[in-house]
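Given next are the chains, with one letter for each unit.
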Amino acid sequence: MVETVHPSDVTEALRIVVNRLVGAGIDPNTIVHSLLKVADEVTERCREIEAAPKQEVS
């Protein structure tokens, strides 16, 4: 069974990850830059999926 993930859950998870990375000595600017790069890649992949021809399920 798949649970619904709410935006606040994602926000909280990212907050925890960023705090742990900062606590480990990673520069916050590096973290944000990396997250934005991942967001761009995810956005591009979503566009590819949306543009792909739909397959019928039999």
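Here the structure is shown first, and the text comes after it.
Notes on the structure in this doc start here. (Residues numbered from 1 in each chain as written. Predicted model: local features only at pLDDT ≥ 70, side-chain atom pairs only at ≥ 80, totals over all residues. Heavy atoms only, no water.)

### Structural notes on the pattern of salt bridges
- Under the criterion given, the structure shown has 3 salt bridges.
- A salt bridge links Glu44 to Arg47, with the shortest nitrogen-to-oxygen separation between them at 4.0 Å. With Glu44 and Arg47 both in helix H2 (residues 28-51), this residue pair falls 3 residues apart, about one helical turn.
- Judged by relative accessible area, which is 38%, Glu44 ranks as partly exposed.
- A salt bridge links Arg45 to Glu48; its shortest N-O distance comes to 3.2 Å. You can see Arg45 and its partner Glu48 sitting in helix H2, 3 residues apart, about one turn around the helix. (Salt bridge = Lys/Arg side-chain N within 4 Å of Asp/Glu carboxyl O. Helix = DSSP H or I, 4+ residues; strand = E, 2+ residues; numbered from the N terminus. Buried < 20%, exposed > 50% of the residue type's maximum accessible area, 1.4 Å probe, protein only.)

Without other data, these values stay purely geometric and don't point to any function.
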